[in-house]
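Okay, here's what each chain looks like letter by letter:
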Amino acid sequence: MPNQRAVPTLRRRRLGNELRRRRTAAGLESRAAAEAMGWAESKYSRVENAKAKVTPQEVESLLKFFGVEDPQVVAALTNLARDASKRGWWRPYGDVVADSYRDLLDLEADADAEQFTGPAIPGLLQTSAYAREIIGATGLTRTQEEVHALAEVRRARQAILTTRPGGLAPLKLWAVVHEAALHMTSAEQPHMMREQLRHLLDISDLPNVTIQVLDLRGTAHPGMIGLMEIVQFPAPWPTVVNLENLRGSHFVEGTEDVKVFEDAFARVVAAALSVDASRMKIRNIMNGLDT
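Residues numbered from 1 in each chain as written. Predicted model: local features only at pLDDT ≥ 70, side-chain atom pairs only at ≥ 80, totals over all residues. Heavy atoms only, no water.

J.: Report on the packing of aromatic side chains, specifying residues and quantitative values.
T.: Summed over the entire model, instances satisfying the criterion amount to three aromatic pairs. Taking 6.1 Å as the distance between ring centres and 90° as the angle between the ring planes, the aromatic pair formed by tryptophan 174 and phenylalanine 265 counts as edge-to-face. A residue pair is termed long-range when its members are at least 10 positions apart, and tryptophan 174 in strand S2 (residues 172-178) and phenylalanine 265 in helix H10 (residues 255-271) qualify at 91 residues. By relative accessible area, tryptophan 174 is classed as partly exposed at 32%. Phenylalanine 265 sits in the buried class, given a relative accessible area of 3%. The ring of phenylalanine 233 carries the charged tip of arginine 14 above its face, separated from the ring centre by 4.4 Å. For the cation-ring pair, arginine 14 lies above tryptophan 237, with the distance from its terminal atom to the ring centre recorded as 4.9 Å. (Phe/Tyr/Trp six-rings, centres within 6.5 Å; stacked < 30°, edge-to-face > 60°. Helix = DSSP H or I, 4+ residues; strand = E, 2+ residues; numbered from the N terminus. Buried < 20%, exposed > 50% of the residue type's maximum accessible area, 1.4 Å probe, protein only. Lys NZ or Arg CZ within 6 Å of the ring centre and 35° of its normal.)

J.: Explain the pattern of salt bridges to me, and be specific about the residues and the numbers.
T.: With the rule as written, the count across this model stands at 18 salt bridges. Taking the shortest distance from any N to any O, the salt bridge between aspartate 202 and arginine 198 comes out at 3.5 Å. Linking aspartate 202 with arginine 198, this pair stays in helix H9 (residues 192-203), spanning four residues, or about one helical turn. Arginine 217 is the partner of aspartate 215 in a salt bridge, and the nearest nitrogen-oxygen pair spans 3.4 Å. Taking relative accessible area as the criterion, arginine 217 reaches 73% and is therefore assigned exposed. The structure contains a network of salt bridges with shared partners spanning Arg11, Arg14, Asp106 and Asp110. (Salt bridge = Lys/Arg side-chain N within 4 Å of Asp/Glu carboxyl O.)

J.: Describe the packing of helix H1 (residues 10-25) against helix H3 (residues 41-48), naming the residues involved and giving the relevant values.
T.: Direction vectors running N to C along H1 and H3 enclose 120°, while the axes themselves pass 7 Å from each other. Taken together, the residues of H3 that come into contact with H1 (itself represented by Gly16, Asn17, Leu19, Arg20 and Arg23) are Tyr44, Val47 and Glu48. Tallied by class, residues from the contact of H1 with H3 come to three nonpolar, two polar and three charged. (Axes fitted to C-alpha atoms, helices over the stretch in contact; angles between N-to-C directions. Contact = heavy atoms within 4.5 Å. Nonpolar A, V, L, I, M, F, W, Y, C, P; charged D, E, K, R; others polar.)

J.: Explain the environment of phenylalanine 66 residue by residue, including any values.
T.: By the element assignment, phenylalanine 66 lies in the loop between helix H4 (56-65) and helix H5 (71-83). Accessibility expressed as a relative area gives 7% for phenylalanine 66, which makes it buried. Residues phenylalanine 66 and valine 96, spaced 30 residues apart in sequence, show a C-alpha to C-alpha distance of 41 Å. Discounting chain neighbours no more than four positions away, the residues touching phenylalanine 66 are Leu19, Arg22, Arg23, Ala26, Leu28, Ala33 and Tyr44.

J.: Explain the confidence of the model for the protein chain to me, and be specific about the residues and the numbers.
T.: Model confidence for the protein chain is summarised by a mean pLDDT of 88, while 95% of its residues fall at 70 or above. Within the protein chain, strand S3 (residues 209-214) carries the highest mean pLDDT (97), whereas strand S6 (residues 248-252) carries the lowest (80). Here residues 1-7 is a poorly scored stretch, pLDDT under 50, and it has eight contacts once near neighbours within four places are set aside; other chains count. (pLDDT = per-residue confidence, 0-100.)

This is the structure:
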């Protein structure tokens, strides 16, 4: 049976990029790496381009050839090679999950922490009712079945805040939400926002979740430009920024580019209400809603 061509998953792309970076830092050409492994140069090229599978043992041998001895780096890359073909928990939902969204879910599965700011309540903090409302209103034309399926994906995604496989600690989330998002109403779901606000108060009790509110009367801040998610990883993996629009996600990588967004988020945090004042704001808005 012929070998099955590897699918260039996000994990495999990240592994290939890191191998390329380590090889280049060692001053080596791809031909030298291929010869050290007893491979054709075309095979090594496919590894770096995420089009060929590579085992943890092969990754360890490559890193040794590149002069990489840091056990933390070696463990991180060999683990990524081990998990490169792992099927995401979201795959049973099929094509309803767009490629860019799949990449975000894969990033979150490996992440340590996430920072969010945007005009709506982040997906990791949404109730099912709120998720259906947002997905139906802001997405491309979708059937009711697709809206419900995506809302289920969004709710299943939230498990990362409380439990993770492999003994990993829950994701640390720092969300800064504009107050305007807390006043949204729904004619079809009149109790939606009360339930959503109650959920925000409840989940903010988790030690790994920080929620701040940008007051309607607050000053201008970088978060006014749009939604951004800063996804952070354990060493040696670099931070990635996710930017969203109606066509999906766009990922920003590279130290200098990412730093622009990290600095912007720090300014958003400084412009927002304190955590305690934010909880009070959420509670006051919830109590002011009609029952």
